[in-house]
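# Fold and contact review
Next come the chains, spelled out residue by residue.
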Amino acid sequence: MLSRLPLAALKSSGAVGASRSTLSAAGKRSASQVRFASTASSSSGAFQSLFTSRASLVSVTLFSAGSIAWYTHLYGSLPFIGEVHANSLADDGLHPGVYPWPHKGLFDTFDHASIRRGFQVYREVCAACHSLDRIAWRNLVGVSHTADEARLLAEDVEYTDGPDDAGEMFQRPGKLSDYLPPPYPNEEAARAGNGGALPPDLSLIIKARHGGADYVFSLLTGYVDPPAGVEIREGMNYNPYFPGGAISMARLLFDGLVEYEDGTPATTSQMAKDVVTFLNWAAEPELDERKRLGLKAVILFSALFAVSIGVKRFKWTPIKNRKIIYKPPVDNAL
Amino acid sequence: MLGNTFYNSIVKRNSVYVSTIFLGAFTFGVGFDVAVSSFWDRWNQGKQWKDIRDKYVQDADS
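Residues numbered from 1 in each chain as written. Chains lettered and ligands numbered in written order. Predicted model: local features only at pLDDT ≥ 70, side-chain atom pairs only at ≥ 80, totals over all residues. Heavy atoms only, no water.

In the annotation of an unreviewed UniProt entry, the entry for chain B reads Cytochrome b-c1 complex subunit 9, and the organism field reads Hygrophoropsis aurantiaca.

Within an unreviewed UniProt entry, the label attached to chain A reads Cytochrome c1, component of the mitochondrial respiratory chain, and the organism entered is Hygrophoropsis aurantiaca.

## Examining the overall build of chain A
The secondary structure content of chain A amounts to 13 helices and 4 strands. For chain A, the residues scored as buried account for 32% of the 334 residues in total. Considering only residue pairs separated by 6 or more positions, chain A has 60% of its internal contacts joining residues 24 or more positions apart. Of the roughly 21900 Å² that chain A leaves accessible, carbon and sulfur atoms contribute 62%. (Helix = DSSP H or I, 4+ residues; strand = E, 2+ residues; numbered from the N terminus. Buried < 20%, exposed > 50% of the residue type's maximum accessible area, 1.4 Å probe, protein only. Contact = heavy atoms within 4.5 Å. Areas by Shrake-Rupley, 256 points an atom, 1.4 Å probe, with all protein chains shown as cover.)

## Section: the interface of chain A and chain B
Interface size is commonly expressed as the accessible area that is lost once the parts come together. Counting residues at the interface gives 27 residues for chain A and 18 residues for chain B. At the junction of chain A and chain B, the tally comes to 3 salt bridges. Measuring nitrogen to oxygen at the nearest pair gives 3.8 Å for the salt bridge that ties Lys47(B) to Asp108(A). If you look at where chain A meets chain B, you find 10 residue pairs in polar contact (both at pLDDT 80 or more). Secondary structure elements with two or more residues in the side of chain A that touches chain B: α6 (112–124), α8 (147–155) and α13 (287–321) of chain A. Considering only residue class, the side of chain A that touches chain B consists of 10 nonpolar, 6 polar and 11 charged. (Salt bridge = Lys/Arg side-chain N within 4 Å of Asp/Glu carboxyl O. Polar contact = N/O pair within 3.5 Å; in protein donor to acceptor, adjacent residues only side chain to side chain. Nonpolar A, V, L, I, M, F, W, Y, C, P; charged D, E, K, R; others polar.)

## Examining the state of the cysteines
Taken as a whole and assessed by the stated rule, the structure comprises 0 disulfides over all chains. Cysteine Cys129(A) remains unbridged, with the sulfur of Cys126(A) as its closest cysteine sulfur at 8.8 Å. (Disulfide = S-S within 2.5 Å.)

## Some words on the side chain of Ser37(B)
Residues and elements named next belong to chain B. Structurally, Ser37 can be placed in helix α2 (residues 14–43). On the basis of relative accessibility, which here comes to 18%, the residue Ser37 falls in the buried class. There is a polar contact of 2.8 Å between the side chain of Ser37 and the backbone oxygen of Asp33.

## With respect to a nonpolar patch on the surface
Residue and element names in this part refer to chain A. A cluster of nonpolar side chains, namely Ile68, Trp70, Tyr71, Leu74, Tyr75, Leu78 and Ile81, defines an oily patch on the protein surface of about 730 Å² accessible area. The residue Trp70 is located in helix α5 (residues 54–75) in this model. Taking relative accessible area as the criterion, Trp70 reaches 57% and is therefore assigned exposed. (Patch = residues over 30% accessible without salt bridge, like charges linked within 9 Å, V, L, I, M, F, W, Y side chains within 5 Å.)

## Quick look at the pattern of salt bridges
Across all of its chains, the model carries 15 salt bridges over all chains by this definition. As a salt-bridge pair, Arg117(A) and Asp274(A) come within 2.8 Å of each other at their nearest N and O atoms. With Arg117(A) in helix α6 and Asp274(A) in helix α12 (residues 268–283), this pair connects stretches of sequence that are 157 residues apart. Measuring nitrogen to oxygen at the nearest pair gives 3.1 Å for the salt bridge that ties Arg151(A) to Asp148(A). Of the two residues, Arg151(A) and Asp148(A) are both situated in helix α8; the distance of 3 residues between them amounts to about one turn of the helix. A residue is classified by how much of its surface remains accessible, and Asp148(A), at 23% relative accessible area, is partly exposed. When salt bridges that share partners are traced, they join Glu289(A), Arg292(A), Lys296(A) and Asp33(B) into one network.

## Notes on the packing of aromatic side chains
Taken as a whole and judged by the stated rule, the model has 12 aromatic pairs over all chains. Here the aromatic rings of Tyr71(A) and Tyr75(A) are separated by 4.7 Å at their centres, their planes lie at 50 degrees, and the arrangement is tilted. Of this pair, Tyr71(A) and Tyr75(A) both sit in helix α5, separated by 4 residues, roughly a single helical turn. By way of ring pairs, the aromatic residues Phe119(A), Tyr122(A), Trp137(A), Phe278(A) and Trp281(A) are connected into one cluster. Directly above the ring of Tyr56(B) sits Arg116(A), whose terminal nitrogen or CZ lies 3.4 Å from the centroid. One cation-aromatic arrangement involves Arg117(A) over Tyr260(A); the distance from NZ or CZ to the ring centre is 5.8 Å. (Phe/Tyr/Trp six-rings, centres within 6.5 Å; stacked < 30°, edge-to-face > 60°. Lys NZ or Arg CZ within 6 Å of the ring centre and 35° of its normal.)

## What about the packing of α13(A) against α2(B)?
Axis separation between α13(A) and α2(B) bottoms out at 11 Å; the angle between their running directions is 125 degrees. Regarding the angle of α13(A) to α2(B), the classification is oblique. In terms of crossing hand, the pair formed by α13(A) and α2(B) is right-handed. Residue-level contacts link Asp288(A), Lys291(A), Arg292(A), Leu295(A), Lys296(A), Ile299(A) and Leu300(A) of α13(A) to Phe28(B), Phe32(B), Asp33(B), Val36(B), Ser37(B), Phe39(B) and Trp40(B) of α2(B). (Axes fitted to C-alpha atoms, helices over the stretch in contact; angles between N-to-C directions. Parallel < 35°, antiparallel > 145°, perpendicular 65-115°, else oblique. Left-handed = near helix turned anticlockwise from the far one by under 90°.)

## Re the confidence of the model for chain B
All names here are of chain B. In the predicted model, chain B carries a mean pLDDT of 93, and 94% of its residues have values of at least 70. Ranking the elements of chain B by mean pLDDT puts helix α1 (residues 2–11) last with 93 and α2 first with 97. Here the predicted complex scores 0.78 on pTM and 0.87 on ipTM. (pLDDT = per-residue confidence, 0-100.)

## A few points about α6(A)
All names here are of chain A. Helix length check: α6 (13 residues) gives 18 Å between terminal C-alpha atoms against 18 Å at 1.5 Å per residue, within 8%. By the criterion of burial, α6 is predominantly enclosed, with 11 of the 13 residues buried. When we look at burial in α6, the residues that qualify are His112, Ala113, Ser114, Ile115, Arg116, Arg117, Gly118, Phe119, Gln120, Val121 and Tyr122. (Expected span 1.5 Å × (residues − 1).)

## Some points on unusual backbone geometry
The omega torsion of the bond from Gly162(A) to Pro163(A) falls at 0 degrees, within 30 degrees of zero and hence cis. Checked against the element boundaries, Pro163(A) lands in the loop between β1 (158–161) and β2 (170–173).

Following this line, the structure appears as structure tokens:
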């Protein structure tokens, strides 16, 4: 602030201030002083000191240092200065494309036929390595399967239950209330079966990854040969969408891997789309109802908002439109 | 005129006034839900479980 003023101006401003305060008392004399002060400060001498004074030097230096510090604080590095990084953009993974999911729009529910096919893909392919421990058989009822179908699916699985009267654990067929069985008894077994890499639980995977459904779809369909110069260790696979590029999960989906009961051709991308829709449902089972309630809430609240505006205007109209007129008292005494 | 009829037929007796509000809320609730649902089901035709359910039910079970 101070630095913007030349020193000469600073000096004369004292005189200006003083003359201002005495303006009413000293009348014409100080008024002429003020005029001289302004002509003096716009003379070339004042400009000279703006560029040569120490105050300007110090303040410009401080300003530059400050903006550099602020810029680097905000953006991490300075522009127009070459930098060398040890990591490449590939380390962050390729950004997935944006896909027109059937449940993407504000009013769109899941495509439940796709959820059903996706469950089939999960059960026949992914369940060999990935658990889905937040989903119970009963959750499928009314979403992708009838109660009878879900009961039959559950009965195919043996669960350990107990203890019984003799204190023994026993095996029994699954019930609707049982959760989907994990492929491995514990994390160590899962790692041991997958070359040290842990296949993550898929219940919330769509919420747990940047890019969500688009990312998992791209990951499942994005396996390619590594580009020249990229070394992939034994047992790893190259996938440009996976951060770092090397993923322990191999490509699993190949055309015709499963046979859909509704006759949909089981291409790679069809299976990936279905399983991702299923996983998206597993992560957000409330999506259908949430959007429906959201629609109702938005309609109701905008109506109430409009009403409240109307009431406000109604109440304020007399206040805003009134005119206050000053009627000077008729002074009869004088 | 309209305001008078409204006042005389509804607002005058508190019992009528309160039951009108309750009944109105109830019928509006039902009507609003029916309207939103019918738009909803038309928009999402063929995608919801109820649209594909009859392909899979055997008897009168859910």
